[in-house]
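Chain residues, written in single-letter form:
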Amino acid sequence: MMERKALNNSTQISDNNYNKVIFEYARNITIPKNSPVWKYAEMYNTNALLYTLIDFKALKVSQAKPMIYKPKNKGLEKEFRKWNGKQSDYYSQKKFNQLKEAAVEEIYINDLSDIGEMRRLKKLLTRPNEWQRFNEFLYSLSAFQDISGWSLMYGAKDSLKGQYVNLYSIPTHQTEIKGGTQFEGITGYVFDGDYKQAFLAEDCVAMRTFSTKFDRHGSHLYGQSKVKAAYSELMTYISAREREYTAFETGDSVNVATPKNADQVPSGADNDTFWQNLKDKFFKSIRQKDKHSTAFFGFPIDVVNIASTLDKSKTIEAKQEIKEILSSIFHISDRVVFNSSTSASYNNLKEDTKTSLRNGVFPFLNQFEETFHEMVIKPQFGVDFAIDYDCYEELNPDVVTEMGKFKDMPFLSDNEIREWFNFAPLKDPKADIPEKYWEDVIQPLDLNVDGGY
């Protein structure tokens, strides 16, 4: 049993009691996975419901645009990073733009030089490898993390300077973590697909979800798969679909025919023939799509009801409830991803979309932003990295709706309203005067004339 002691702040790894426990048995061997991830990958490939959820989130993640900058003011930069992507209305958007302008100097990726280090930076932020553009790179990281519980970036380095020239998203559902000792927790990663390929830990950057699978092997390092959390609901959904499919194929037949008098059943050698004929007639009958079709028997029969009809089995209600549960696991509204409600208003759907982005999509982007900034961009190029959330049109305010709010503000002039929307001012003198004062002959007091106070 581990002795209970107060945690110390020692930076010497050899004194780290936590690592001694976690990696006690994981000495230079592969850490066992905490769940059968291959089942989750197969479920993603074959279940339309799950695929839709993961694809929706990954597509939204892939819309994010990379941004690099140099800070103007450290204090304001901290506020900029804190509020980036959290704008909820036009006012907060406007205030954030003012903060951004004062805090950082954005370096536009398309303006980067095609020579030297800036060329390498431009490549990593546009086409990180020969197979993927940056948006495809983001998509795969998001999908792998939802399926497996973790995602992994591998940086291929040049042989001379040891700098990243390509970045790859490793398929984590086919990758194992190679554990070390308490001195070096992770020594590398091994892709185990049709072939094996080892990657050094120093060349990789991992992102994980939280897992409760803490043991002496380090299994928690594989994170927690969202598919694992949703697996039982997905199996129930599959059962509901199979029930509907059976009803479609059989005409929803729910009765079994049996002989009314057992004495009429042949005995001896004819017994097997009798039952086979009954079975053939029965299945031939129920396989008809018309559930009212008739089967003829050469003897009296009883009919036994063995199931409820499809409309009484509540499969539609069950499927809808499962959609809601799965959507809540991904923190994405089912009305947005599955279009579950036809009665939702435009404004409600718009707010649901905003909430889904902030709760279901942006947390992954926040994790990627901080990890990519600290582990790749800052140490390699000396500039700062962030995600530009302005590319999400769902967050942009409806200008027509915003302008409608000024109808009840007659004390504002046209140019004051135009300034709010960053429109150029009008040259008409009346545009500087609120409309309610246009017909009034009102002159401001001139306190500098003779006789003034």
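Model, not experiment: these values are computed from the prediction.

About the criteria used
- Residues numbered from 1 in each chain as written.
- Predicted model: local features only at pLDDT ≥ 70, side-chain atom pairs only at ≥ 80, totals over all residues.
- Heavy atoms only, no water.
- Helix = DSSP H or I, 4+ residues; strand = E, 2+ residues; numbered from the N terminus.
- Buried < 20%, exposed > 50% of the residue type's maximum accessible area, 1.4 Å probe, protein only.
- Contact = heavy atoms within 4.5 Å.
- Areas by Shrake-Rupley, 256 points an atom, 1.4 Å probe, with all protein chains shown as cover.
- Pairing = 2+ DSSP bridges.
- Axes fitted to C-alpha atoms, helices over the stretch in contact; angles between N-to-C directions.
- Core = buried A, V, L, I, M, F, W, Y, C linked by side-chain atoms within 4.5 Å.
- Phe/Tyr/Trp six-rings, centres within 6.5 Å; stacked < 30°, edge-to-face > 60°.
- Lys NZ or Arg CZ within 6 Å of the ring centre and 35° of its normal.
- pLDDT = per-residue confidence, 0-100.
- Salt bridge = Lys/Arg side-chain N within 4 Å of Asp/Glu carboxyl O.

## As for the overall build of the chain
Here comes step 1: A tally of helices and strands in the chain yields 14 helices and 11 strands.
Here comes step 2: Buried residues in the chain amount to 40% of all 453 residues.
Here comes step 3: Taking all contacts inside the chain whose residues are at least 6 apart in sequence as the whole, residues at least 24 apart take part in 68%.
Here comes step 4: Working note: accessible area of the chain is about 27,300 Å², and carbon and sulfur atoms make up 53% of it.

## With respect to the sheet that holds strand β7 (residues 196-200)
Here comes step 1: Strand order across the open sheet formed by 3 strands is β5-β6-β7, with antiparallel pairing between neighbours. The two strands at the open ends of the sheet, each matched to only one other strand, are β5 (175-179) and β7. Pairwise comparison of adjacent strand axes, ignoring direction, gives a mean angle of 25° for this sheet.
Here comes step 2: Bridge count for strand β6 (residues 186-192) against β7 is 5 bridges, and the pairing is antiparallel. Within β7, the residue paired with Val190 across the bridge is Ala198.

## Let's talk about the pairing of strand β3 (residues 150-157)
Here comes step 1: Burial analysis of β3 places 6 of its 8 residues in the buried class, which makes it a mostly covered element.
Here comes step 2: Both β3 and strand β8 (residues 204-208) contribute to a ladder of 5 bridges, which runs antiparallel. Residue pairing for β8: Trp150 is matched across the bridge by Arg208.
Here comes step 3: Here β3 runs beside strand β4 (residues 164-170); their pairing, made up of 6 bridges, is antiparallel. Counted as the bridge partner of Gly155 is Leu167 from β4.
Here comes step 4: Between the end of β3 and the start of β4, which pair antiparallel, lie 6 residues, with Gly162 showing a positive phi angle near 70°.

## Points about the nonpolar core
Here comes step 1: Of all hydrophobic cores here, the largest spans 33 residues; its most connected members are Leu125, Phe368, Phe372, Ile377, Phe385 and Tyr392.
Here comes step 2: Elements represented by at least two residues in this core include exactly α6 (116-126), α7 (134-148), β4, β8, α12 (346-381) and β11 (384-388).
Here comes step 3: By residue number, the principal contributor to this core is α12, which donates 10 residues.
Here comes step 4: Discounting residues that sit within four places of it in the chain, Phe372 has contacts with Leu125, Phe134, Met153, Leu167, Ile377 and Phe385.
Here comes step 5: Counting 23 residues, the second largest nonpolar core, distinct from the first, contains Tyr44, Leu50, Leu234 and Val337.

## A closer look at the environment of Asp192
Here comes step 1: Take Asp192: it is sitting in strand β6.
Here comes step 2: Ignoring anything within four residues of it in the chain, the contact list for Asp192 reads Gln174 and Glu176.

## Overview of the sheet that holds β11
Here comes step 1: If you trace the 3 strands from one edge of the open sheet to the other, you get β2-β1-β11, paired in antiparallel fashion. Looking at the sheet topology across the chains shown, the edges are occupied by β2 (104-107) and β11. Strand-to-strand, the axes of this sheet are offset by a mean angle of 45°, without reference to chain direction.
Here comes step 2: Looking at chain direction, strand β1 (residues 65-71) and β2 are connected through 4 bridges and run antiparallel.

## Side note on the packing of aromatic side chains
Here comes step 1: Within this structure, the stated rule accounts for 18 aromatic pairs.
Here comes step 2: The rings of Phe134, Phe137, Phe368, Phe372 and Phe385 are connected pair by pair, giving a single aromatic cluster.
Here comes step 3: When the ring centre of Phe330 is taken as origin, the NZ or CZ atom of Lys226, which lies over that ring, is 6.0 Å away.
Here comes step 4: The side chain of Lys323 reaches across the aromatic face of Phe338, ending 5.5 Å from its centre.

## Focus on the environment of Pro259
Here comes step 1: Tracing the backbone shows Pro259 in strand β9 (residues 255-259).
Here comes step 2: Pro259 sits in the buried class, given a relative accessible area of 17%.
Here comes step 3: Spatially, the C-alpha atoms of Pro259 and Asp302 are 6.1 Å apart, while their sequence positions differ by 43 residues.

## Re the confidence of the model for the chain
Here comes step 1: Looking at the chain as a whole, the pLDDT averages 80, with 74% of positions reaching at least 70.
Here comes step 2: For residues 1-13, every residue scores under 50 in pLDDT, and the model assigns this stretch 5 contacts once sequence neighbours within four places are set aside.

## Some remarks on the pattern of salt bridges
Oppositely charged side chains can form a pair if their charged atoms are brought close together.
Here comes step 1: Summed over all chains, the structure comprises 11 salt bridges.
Here comes step 2: We note a salt bridge from Lys82 to Glu79, for which the minimum N-O separation is 3.3 Å. Of the two residues, Lys82 and Glu79 are both situated in helix α4 (residues 74-83); the distance of 3 residues between them amounts to about one turn of the helix.
Here comes step 3: Overall, Lys82 belongs to the partly exposed group, its relative accessible area being 43%.
Here comes step 4: Take Glu79: its relative accessible area is 28%, and that puts it in the partly exposed class.
Here comes step 5: Of the charged contacts in the structure, one is a salt bridge between Glu351 and Lys354, with a shortest N-O distance of 3.8 Å. On the criterion of helical spacing, the pair formed by Glu351 and Lys354 is a turn pair, its members being 3 residues apart in helix α12.
Here comes step 6: Here the residues in one salt-bridge network are Lys57, Asp146 and Lys226, joined through shared partners.

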